[in-house]
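Close look at the chain arrangement
Each chain, letter by letter, is given below.
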Amino acid sequence: MIQEAINFVDNGISAAQTLVYVDVVQPLLFHFNLMGYDDDIYDALYWVLIGVLQIGLTYVLLRPLEMLRPVERWQDRRQVRADVIYTWIAKLGILNLLFFMVLRPAFDALQSLMVMHGLASIDLDSLYPGVTDQPLVSFLMYLTVLDFAGYWYHRWQHRFGVWWELHAVHHSQQQMSLWSDDRNHFLDDILQAAFFAAIALFIGVQPGQYVVLVAVGNFLQSVQHVNARLPYGPVLERLIVSPTFHRRHHAIGYGHEGTRYGCNFGVLFPWWDMLFRTASWERKVEPTGIRDQLPAPQGRSRRYGTGVIAQQLRAFGRIAKRLAPRRTAGRPAV
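Just so you know, these numbers come straight off a predicted model, no measurement behind them.

**A short note on the packing of helix H2 (residues 38-68) against helix H3 (residues 78-91)**
When two helices pack together, you describe them by how their axes are tilted relative to each other and by the distance separating the axes. Viewed as axis vectors pointing N to C, H2 and H3 meet at an angle of 140°, and their least axial separation amounts to 8 Å. Between H2 and H3, the residues in contact are Trp47, Gly51, Gln54 and Ile55 and Thr87, Trp88 and Lys91, respectively. Looking at the contact of H2 with H3 residue by residue, the classes come out as three nonpolar, three polar and one charged.

**Focus: empty space enclosed by the protein**
Per the counting criterion, the structure on display carries one cavity of 30 Å³ or more. Estimated volume of the largest cavity: approximately 30 Å³. Lining the largest cavity, in full, are Ile55, Thr58, Thr87, Lys91, Leu178, Trp179 and Ser222. Taken together, the elements giving at least two residues each to the lining of the largest cavity come down to H2 and H3. Residues belonging to the lining of the largest cavity are distributed by class as follows: three nonpolar, three polar and one charged.

**Some points on the layout of surface pockets**
Roughly 360 Å³ of internal volume is contained in the second largest pocket. Around the second largest pocket, the lining comprises 24 residues; the ones closest to its centre are Arg229, Pro243, Thr244, Arg283 and Val285. At four residues, helix H10 (residues 243-250) tops the list of elements feeding residues into the lining of the second largest pocket. Per-class residue counts for the lining of the second largest pocket are ten nonpolar, five polar and nine charged.

**Let's talk about the environment of histidine 225**
Tracing the chain through its elements places histidine 225 in the loop between helix H8 (207-224) and helix H9 (233-236). Along the backbone, histidine 225 and phenylalanine 245 are 20 residues apart, and their C-alpha atoms lie at a distance of 10.0 Å. Contacts of histidine 225, omitting those with residues within four sequence positions, involve His170, Met176, Ser177, Leu178, Ser180, Asp181, His246 and His250. Here histidine 246 takes part through its side chain, which lies 3.1 Å from a polar atom of the side chain of histidine 225.

**Here we look at the UniProt feature "transmembrane region" (unreviewed entry) in the chain**
Cross-referencing UniProt, the feature "transmembrane region" (unreviewed entry) maps to residues 44-62, 83-103, 136-153 and 186-205 in the present numbering. With 100% helix and 0% strand, residues 136-153 has its two end C-alpha atoms placed 25 Å apart. Between the first and last C-alpha atoms of residues 186-205 the distance is 25 Å; the span itself is 85% helix and 0% strand.

**Quick word on the nonpolar core**
One finds Ile50, Leu143, Val205, Tyr210 and Leu213 to be the most contacted residues of the largest nonpolar core, which totals 26 residues. Residue assignment for this core shows that the elements contributing at least two residues are H2, helix H5 (135-159), helix H7 (186-202) and H8. Looking at this core element by element, the count peaks at six residues for H5. Once you skip the residues sitting within four places of it in the chain, isoleucine 50 turns out to touch Ile13, Val211 and Ala215. With ten residues, the next largest nonpolar core counts Ile55, Val226, Ala228 and Tyr232 among its residues.

**Focus on unusual backbone geometry**
Following alanine 296, the chain continues into proline 297 via a peptide bond in cis, with omega recorded as 5°. Although it is not a glycine, asparagine 264 adopts a positive phi angle of roughly 55°. Secondary-structure assignment places asparagine 264 in the loop between H10 and helix H11 (271-275). By relative accessible area, which is 0% here, asparagine 264 ends up buried. The phi angle at arginine 277 is positive, at roughly 60°, despite the residue not being glycine. Positionally, arginine 277 belongs in the loop between H11 and helix H12 (308-323). By relative accessible area, which is 72% here, arginine 277 ends up exposed.

Parameters and conventions
- Residues numbered from 1 in each chain as written.
- Predicted model: local features only at pLDDT ≥ 70, side-chain atom pairs only at ≥ 80, totals over all residues.
- Heavy atoms only, no water.
- Axes fitted to C-alpha atoms, helices over the stretch in contact; angles between N-to-C directions.
- Helix = DSSP H or I, 4+ residues; strand = E, 2+ residues; numbered from the N terminus.
- Contact = heavy atoms within 4.5 Å.
- Nonpolar A, V, L, I, M, F, W, Y, C, P; charged D, E, K, R; others polar.
- 1 Å grid on protein atoms, 1.4 Å probe; cavity = no way out; pocket = protein on both sides within 12 Å on 5 of 7 lines; lining within 4 Å.
- Points joined across faces, edges and corners; volume = space filled by probe spheres on them.
- Polar contact = N/O pair within 3.5 Å; in protein donor to acceptor, adjacent residues only side chain to side chain.
- UniProt positions renumbered as here; feature names shortened; annotations may be inferred.
- Core = buried A, V, L, I, M, F, W, Y, C linked by side-chain atoms within 4.5 Å.
- Buried < 20%, exposed > 50% of the residue type's maximum accessible area, 1.4 Å probe, protein only.

Structure, rendered in structure tokens:
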């Protein structure tokens, strides 16, 4: 039943992909003499249509909840505008297009080297024929493996200073909403795309499966950031990351401070936080953001930018300052 539903949606998107490509995209490529990129752009168009579908469904399902059961009420929503732009850039696959055009040849070469040296990908769905090769079972296995990798990727973002300055673009949002998930530094997005594509390649995820895995993950992460009260209950919130659980990760003074550089790093499942003792089940609503954004004496009134371009550039400025040699009184820089 699930596979039939996936096939139905896939066939519909594929038909729309062909229609839009033939009637709109291909004439433009021919006009601007860019037919050398036709295959890559045709593949990327699938991501674009998936993204449009995701944004539409996410808005229709989650925006009414934010209006009816908000965690916070804001008089000024200007901080959210940049997040809307991030969402369209990320969901439409613009960075995925860049990734495929620039890095895909390197991954094709890597795959060839793996085969030449007897390091072919591990096909998880072939572990127990008749069981693990069932569509739903293999999907859940791939989702679990990628989520485990995502947990550690997220912890590393908080653990290493330079990497944190990129990830701070995401945490600097003080008005969390359904749009906040895609508020990231573009360089970090590219690194993340390469990281998960490499793992998916190694464990044998097929391209069609990978698209669905990414789409499901994106939707669930949008739910986590929603500005709405969604009671999951003590059982469900231990099976899947809830908005309350993830909001704790964004809370000033809790999510990225203290022992182990924070808590609640789980991307989709809280199991890894429970296993590695980084889970916090506190339900109290706390302000979100980064401590140094607060006015003195609690913080330093540090500005992270209100627009997309400013947020991207300020991250590089913070990295440069972090890497600059430190001077001590009366001593030259080391």
